[in-house]
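Per-entry structural report
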There are 2 protein chains.
Amino acid sequence: MRVIPLKSRVVKRGDDLVGLLLDSIEAAGESLDDGDIVAVADKVIAHVKGRIVDYSSIKPSEEAVKLAREAELEPGFAELVLEHSDLVIGTAYRTILTIKDGVLVANAGIDHKNAPGGHAALWPEDPNREAEEIRLEILRRTSRRVGVIVVDSRLAPLRRGTTGFALGISGFKGVRDFRGGRDLFGNRIYVTMMNVADELASAAHLYMGEAAELTPFVLIKDPPVELGDFDPELLKISPEECAYFKPLYSKLASKLR
Amino acid sequence: MRVIPLKSRVVKRGDDLVGLLLDSIEAAGESLDDGDIVAVADKVIAHVKGRIVDYSSIKPSEEAVKLAREAELEPGFAELVLEHSDLVIGTAYRTILTIKDGVLVANAGIDHKNAPGGHAALWPEDPNREAEEIRLEILRRTSRRVGVIVVDSRLAPLRRGTTGFALGISGFKGVRDFRGGRDLFGNRIYVTMMNVADELASAAHLYMGEAAELTPFVLIKDPPVELGDFDPELLKISPEECAYFKPLYSKLASKLR
């Protein structure tokens, strides 16, 4: 496969996202083909949809003040995180660890990078729907059947640095299922699935970066994935089912009760 | 960048790994250039180095029997995992969650997939040294300066399916550091680093798969990374420093004391 970074300008509220994307593809001397994957940074969606919030004027609750002190964050920002979290797990330096929309993520996915001072960018309200809308608009304008990923980044336990993950997807099979198959030696495979959506998002994120890259789009040609209509929620797993989270979570739940 | 899968045959103990790799590159009609990244599946190293263990004959300890019952694994396999773990965190279906060499991973990285029945493949003894040896042997035979990744896969909390990660690296900067820089709006960036090594490993893993793919090598051309001599241990972070793990770990540690 080829992974092609697409530069664009700084976007603003109300901009035509798909128009900018198609311009970027043309400017890069590329074309869009059936079967391609288009990766879009979640931050560019926040800017176009006006999901940039002034947190400096938010009055923090007592809990937000406590979390802000622990994490060395601004109280208004902590309040914003609290309001947008489904569950707060704890704090680390400049991080309130949360679960938001089934994703374990710092600060409920809210980012003050690449937003004006005192402001922060929120996740899309429904990232899979955003991916679907972009995919359908591409289809309408170009007749091309592509897959779309909305990419954000996050940390992994005990690893330094962020990696891209698929916050929202549309139009392709995000999980490759090996269960019931056989390995090279004919052994039955029990539990293995591959999260190809997160792997494609990681490949795209190599170019999107974390600072002033101005690369909100990445085009992936000949990706080894199956396109079509698949449930994007398959990428998520509940804490009770999760092989990594369950051992920690169940001990925590029982000890903290 | 281009991500190119390289097929090979089933390898056996004592095979010339770099010879097989160079043959695969030629068979694919590609060449190796300075600045390329070569990704090698950890499993192929286990086979070449003879790190395939017959666990069916291992006498399990009492703790292994208990863990095996909880996780629905074979007791000999659980004993092997215990022996190779630095810390056992808990269990889930067919998973003993462990920390091994600073990595949070299922079953201490020991895999019964793609090993003969009753046998399992161990991680390389020193994955970064394996990557270094492969890199230096490529340099010796071809005079090409490349980066090398040893790729394994693992789960991420609350996500379905595995993603590739960089178990060992050599010859490139695995972490891109944005600290002290400025974002698009001139805000100072505090904590952001990017784990480019894991992102490249994820891109490679899309082709390595989890079953009978026979794709032990992946060639990445024009990767957006800096080649040279960097500390591979920078990819790892201690539980106390980890923004995701610390909130869980510290609560656990204090409650379980």
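Right above here is the structure, for reference.
Now for a look at the structure at hand. Remember, it's a predicted structure, so these values are computed and weren't measured experimentally.

**Quick word on the overall build of chain A**
Of the regular secondary structure elements, chain A holds seven helices and 12 strands. Residues counted as buried form 60% of the 257 residues belonging to chain A. The long-range share in chain A, meaning contacts at least 24 apart out of those at least 6 apart in sequence, stands at 60%.

**Concerning helix 6 (residues 196–208) of chain B**
For helix 6 of chain B, which comprises 13 residues, the first-to-last C-alpha distance of 18 Å matches the rise-based estimate of 18 Å (1.5 Å per residue) to within 8%. Among the 13 residues of helix 6 of chain B, 13 are classified as buried, and the element is accordingly described as predominantly covered.

**A short note on the environment of B:Gly147**
Residue and element names in this part refer to chain B. Looking at the secondary structure, you find Gly-147 in strand 8 (residues 147–155). Using a relative accessible area of 0% as the deciding quantity, one classes Gly-147 as buried. Separated by 110 residues in sequence, Gly-147 and Ile-37 place their C-alpha atoms 4.6 Å apart. Contact partners of Gly-147, with chain neighbours within four places excluded, come to Asp-36, Ile-37, Val-38, Ser-170, Gly-171, Phe-172 and Leu-227.

**Quick notes on the sheet that holds strand 5 (residues 95–100) of chain B**
The strands making up a sheet are joined through hydrogen bonds of the backbone, oriented either antiparallel or parallel. Residue and element names in this part refer to chain B. Ordered in space as 4-5-6, the three strands form an open sheet in which the pairing is antiparallel. Each having just a single partner strand, strand 4 (87–92) and strand 6 (103–106) make up the two edges of the open sheet. Here the average twist between neighbouring strands, direction ignored, is 20°. Relative to strand 6, strand 5 runs antiparallel, the two sharing four bridges. Within strand 6, the position partnered with Lys-100 by the bridge is Val-103. Where helix 3 (residues 62–71) meets the sheet, its contacts fall on strand 4 and strand 5, and the angle it forms with strand 4 comes to roughly 35°.

**Quick notes on the pairing of strand 5 (residues 95–100) of chain A**
Residue and element names in this part refer to chain A. For strand 5, the tally of buried residues reaches six of six residues, placing the bulk of the element in the interior. Burial of the side chains of strand 5 extends over both faces: Thr-95, Leu-97 and Ile-99 are buried on one face and Ile-96, Thr-98 and Lys-100 on the other. Strand direction decides the pairing type here: strand 4 (residues 87–92) and strand 5, joined by five bridges, are antiparallel. Paired with Val-88 across the strands is Thr-98, a residue of strand 5. Between the end of strand 5 and the start of strand 6 (residues 103–106), which pair antiparallel, lie two residues, with Asp-101 showing a positive phi angle near 50°.

**Here's the deal with the packing of helix 6 (residues 196–208) of chain A against helix 6 of chain B**
Where helix 6 of chain A meets helix 6 of chain B, the axes come as close as 8 Å, and the angle between the chain directions of the two elements is 130°. Between helix 6 of chain A and helix 6 of chain B, the interaxial angle falls into the category oblique. When you trace helix 6 of chain A past helix 6 of chain B, the crossing you get is left-handed. Residues A:Val196, A:Glu199, A:Leu200, A:Ser202, A:Ala203, A:His205 and A:Leu206 of helix 6 of chain A form the contact with helix 6 of chain B, whose participating residues are B:Val196, B:Glu199, B:Leu200, B:Ser202, B:Ala203, B:His205 and B:Leu206. Looking at side-chain class alone, the contact of helix 6 of chain A with helix 6 of chain B contains eight nonpolar, four polar and two charged residues.

**Some remarks on the sheet that holds strand 5 of chain A**
Residues and elements named next belong to chain A. Reading across the sheet, the three strands line up as 4-5-6 and stay open at both edges, with antiparallel pairing between neighbours. The strands lining the two open edges of the sheet, one partner per strand, are strand 4 and strand 6. Sheet twist, expressed as the mean angle between neighbouring strand axes with direction ignored, is 20°. The sheet contacts of helix 3 (residues 62–71) involve strand 4 and strand 5, and relative to strand 4 the element is tilted by about 35°.

**Side note on the side chain of B:Asp42**
Residue and element names in this part refer to chain B. With respect to the element layout, Asp-42 can be found in helix 2 (residues 42–48). In this structure Asp-42 is buried but unpaired, with Lys-43 as the nearest side chain of opposite charge at 5.8 Å. Those residues in contact with Asp-42 that sit more than four places away from it in its chain are Trp-123, Pro-124, Val-150, Val-151, Asp-152 and Leu-167.

**What to know about the packing of helix 3 of chain B against helix 4 (residues 75–84) of chain B**
Residue and element names in this part refer to chain B. Two elements in contact, helix 3 and helix 4, have axes whose closest approach is 8 Å; the angle formed by their N-to-C orientations is 115°. In this view, helix 3 runs roughly perpendicular relative to helix 4, as classed from their interaxial angle. Considering how the two elements wind past one another, helix 3 and helix 4 form a crossing that is right-handed. In this structure, helix 3 contributes Glu-63, Ala-64, Leu-67 and Ala-68 to the contact, and helix 4 contributes Pro-75, Ala-78, Glu-79 and Leu-82.

**Looking at the packing of aromatic side chains**
Describing an aromatic ring pair means giving the distance of the ring centres and the angle of the ring planes. Inspection of every chain in the model, using the stated rule, returns four aromatic pairs over all chains. Ring geometry for B:Tyr55 against B:Phe77: centres 5.3 Å apart, planes inclined by 70°, an arrangement best described as edge-to-face. With B:Tyr55 in the loop between strand 3 (52–54) and helix 3 and B:Phe77 in helix 4, the pair connects residues that are 22 residues apart, well separated along the chain. Both rings, one in B:Trp123 and one in B:Phe165, keep their centres 6.4 Å apart while their planes meet at 55°; by these two values the pair is tilted. Highlighted residues: B:Trp123 in the loop between strand 7 (119–121) and helix 5 (127–142) and B:Phe165 in strand 9 (residues 162–170), separated in sequence by 42 residues. As far as burial versus exposure is concerned, B:Trp123 and B:Phe165 are alike and both buried. The positively charged end of A:Arg154 is found above the aromatic ring belonging to A:Phe165, 4.7 Å away from the centroid.

Procedures and definitions
Residues numbered from 1 in each chain as written. Chains lettered and ligands numbered in written order. Predicted model: local features only at pLDDT ≥ 70, side-chain atom pairs only at ≥ 80, totals over all residues. Heavy atoms only, no water. Helix = DSSP H or I, 4+ residues; strand = E, 2+ residues; numbered from the N terminus. Buried < 20%, exposed > 50% of the residue type's maximum accessible area, 1.4 Å probe, protein only. Contact = heavy atoms within 4.5 Å. Expected span 1.5 Å × (residues − 1). Pairing = 2+ DSSP bridges. Axes fitted to C-alpha atoms, helices over the stretch in contact; angles between N-to-C directions. Parallel < 35°, antiparallel > 145°, perpendicular 65-115°, else oblique. Left-handed = near helix turned anticlockwise from the far one by under 90°. Nonpolar A, V, L, I, M, F, W, Y, C, P; charged D, E, K, R; others polar. Lys, Arg positive; Asp, Glu negative; His and termini not counted. Salt bridge = Lys/Arg side-chain N within 4 Å of Asp/Glu carboxyl O. Phe/Tyr/Trp six-rings, centres within 6.5 Å; stacked < 30°, edge-to-face > 60°. Lys NZ or Arg CZ within 6 Å of the ring centre and 35° of its normal.

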